[in-house]
Amino acid sequence: MSTHKPIGPVDATKVPRFAGLGTFARLPQIDAVPDYDIAILGVPFDGGTSFRPGARFGPSAVREASRLLRPGYHVELDVIPVEMAQVVDAGDVACTPYNITRAIEQIEEQALPLLAKDKRVIAIGGDHTIALPMLRAVNKVHGPVALLHFDAHLDTWDTYFDEPVTHGTMFRRAFEEGLLIEDKSMHVGIRGPVYDKDDFLRDHEFGFQIIRSTDIDEIGVAAAIQKVRDRLGDTPVYLSVDIDVLDPAFAPGTGTPEMGGLHSRELLRLIRGLNGINIVGADVVEVAPAYDHADITSLAAATLVFDMMGLMVNGPQSFAEAGEDELEGAAV
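Residues numbered from 1 in each chain as written. Predicted model: local features only at pLDDT ≥ 70, side-chain atom pairs only at ≥ 80, totals over all residues. Heavy atoms only, no water.

S.K.: Can you help me understand helix H8 (residues 221-232) in this one?
M.R.: Within an α-helix, residues lying three or four positions from one another point in the same direction, as the helix has 3.6 residues per turn. Here H8 contains 12 residues, and its C-alpha end-to-end distance of 17 Å stays within 8% of the 16 Å for a straight helix at 1.5 Å per residue. Among the residues of H8, those classed as buried are Val221, Ala224, Ile225, Val228, Arg231 and Leu232. For H8, the angular spread of the buried residues around the axis is 130 degrees, confining them to a single face. Of the exposed residues in H8, those oriented more than 90 degrees away from the buried face are Ala222 and Asp230. Considering only its buried residues, H8 is in contact with strand E4 (146-150), strand E5 (186-190), strand E6 (209-212), helix H7 (213-219), strand E7 (237-242) and helix H9 (264-272). The first or second residue beyond H8 is Gly233, which carries a positive phi of 60 degrees. (Helix = DSSP H or I, 4+ residues; strand = E, 2+ residues; numbered from the N terminus. Expected span 1.5 Å × (residues − 1). Buried < 20%, exposed > 50% of the residue type's maximum accessible area, 1.4 Å probe, protein only. Arc of directions from axis to C-beta. Contact = heavy atoms within 4.5 Å.)

S.K.: Is there a simple way to explain the layout of surface pockets in this structure?
M.R.: Think of a ball as big as a water molecule: rolled over the atoms, this probe shows where empty space is left. The volume enclosed by the largest pocket comes to roughly 340 Å³. Lining the largest pocket are 19 residues, and of these His153, Tyr160, Tyr195, Thr256 and Glu258 sit closest to its centre. Taken together, the residues that form the lining of the largest pocket break down as seven nonpolar, six polar and six charged. (1 Å grid on protein atoms, 1.4 Å probe; cavity = no way out; pocket = protein on both sides within 12 Å on 5 of 7 lines; lining within 4 Å. Points joined across faces, edges and corners; volume = space filled by probe spheres on them. Nonpolar A, V, L, I, M, F, W, Y, C, P; charged D, E, K, R; others polar.)

S.K.: What am I meant to see in empty space enclosed by the protein here?
M.R.: Tallied over the entire structure, the rule returns two cavities of 30 Å³ or more. Here the largest cavity is characterised by a volume of approximately 40 Å³. Arg120, Ile277, Asn278, Ile279, Met312, Gly315, Pro316 and Gln317 together form the lining of the largest cavity. Residue classes in the lining of the largest cavity are distributed as four nonpolar, three polar and one charged. As for the second largest cavity, its lining consists of Ala152, His153, Leu154, Trp157, Ile190, Arg191, Pro193, Val194 and Phe200. Residue composition of the lining of the second largest cavity, grouped by class: seven nonpolar, one polar and one charged.

S.K.: Got a minute to help me understand the nonpolar core in this structure?
M.R.: Side chains of a nonpolar character, in soluble globular proteins, are inclined to be buried together. In terms of nonpolar packing, the biggest core is built from 55 residues, with Phe24, Leu148, Phe150 and Leu239 touching the most fellow members. Examining the composition of this core, we find that 11 residues originate from one element, helix H10 (residues 296-313), more than from any other. If we skip the residues at most four places from it in the chain, Phe24 touches Ile40, Val62, Arg63, Ser66, Leu69, Asp89, Ile124, Ala302, Val305, Phe306 and Met309. With 40 residues, the next largest nonpolar core counts Val88, Val121, Leu132 and Ala174 among its residues. (Core = buried A, V, L, I, M, F, W, Y, C linked by side-chain atoms within 4.5 Å.)

S.K.: Please clarify how helix H3 (residues 100-111) should be interpreted in this entry.
M.R.: Between its first and last C-alpha atoms H3 spans 16 Å; for 12 residues at 1.5 Å apiece the expected length is 16 Å, and the two agree. Taken together, the buried positions of H3 are Ile100, Ala103, Ile104, Gln106, Ile107, Glu108 and Ala111. Residues of H3 that are buried sit in contact with strand E1 (38-43) and helix H4 (131-142). For H3, the N-terminal capping position is held by Asn99, with its side-chain oxygen 3.1 Å away from the main-chain nitrogen of Thr101. (Polar contact = N/O pair within 3.5 Å; in protein donor to acceptor, adjacent residues only side chain to side chain.)

S.K.: Just checking my understanding: could you explain the sheet that holds E4 for this structure?
M.R.: Hydrogen bonds between backbone atoms are what pair the strands of a sheet, whose relative direction is either parallel or antiparallel. The strand order E2-E1-E3-E8-E7-E4-E5-E6 describes an open sheet built from eight strands, whose pairing is parallel. What marks the edges here is a single partner per strand, and that holds for strand E2 (87-92) and E6. Strand-to-strand, the axes of this sheet are offset by a mean angle of 15 degrees, without reference to chain direction. Bridge count between E1 and E2: four bridges; the pairing is parallel. Bridging across to E2, Gly42 finds its partner in Asp92. Strands strand E3 (120-125), E7 and strand E8 (279-285) of the sheet are contacted by H4, whose axis makes an angle of about 170 degrees with E7. Strands in contact with H9 are E4, E5 and E7; relative to E4, the strand with the most contacts, it is inclined by about 165 degrees. (Pairing = 2+ DSSP bridges. Axes fitted to C-alpha atoms, helices over the stretch in contact; angles between N-to-C directions.)

Rendered as structure tokens:
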């Protein structure tokens, strides 16, 4: 737990947002502070994608879009993440673009040292394959977690072209490896056609509940938030957001867009409705900037990362209070 006064982002009233550091929200780099609470980690791997490639450029695009943020007071969450916790940019994972098996080993190896009981990581992908090594790393610190998965797709298929680990199979592997609390995990935003009607039966066998985009049309966002909160309870949660949960009108820059997705405001309300949940790790994935327009997909992802920072600070473990306790103990 960080015990020093947090070092925040570059002051936008002194250095314009289009200038200065290229880190996420112009936060300090990890080696510029003595300790940290939340690390933003780029994972530029897209070797597991099945359609349009390019998410390897997601971390840099999201960081650039984050210049538009004012990462101070979060009005809806009533929190100032960068003052209550030390948030840093941990740079990018260095992993091979040629071998999926070796890449996910490298991602886990480089994410694990950043994690602790009192340290969180928010990963910026990359394609959704990266969620598997991130879950493996989180499990080594926290044990099995509930998975809250925002996506157009289930991502619990078995193989693609005989490959067991891809951006559409990783949550099946996670279930098989015992990484998930199966009676707590759920998908939100699912839509579009699938390969087989039984895909949903198998997904249910893995312990997932589903809130489809059309369900939100019928029950509304508030009821969907309550369903999620009831399902998660007070369990540790890994939050994974595939940007294609948004309709292509709001997120064209992604590898496998599907019509009929969430609107930006709906997704933000759903995410912010998690305030107080015990989020121990998170990712935002599948931003492919080559297909983007006016950076709207990258900006959506950057906004979600800032929201995740606020959710982590507002979680059951208060970084500010824990830091004060440690300082008092040290003084004694």
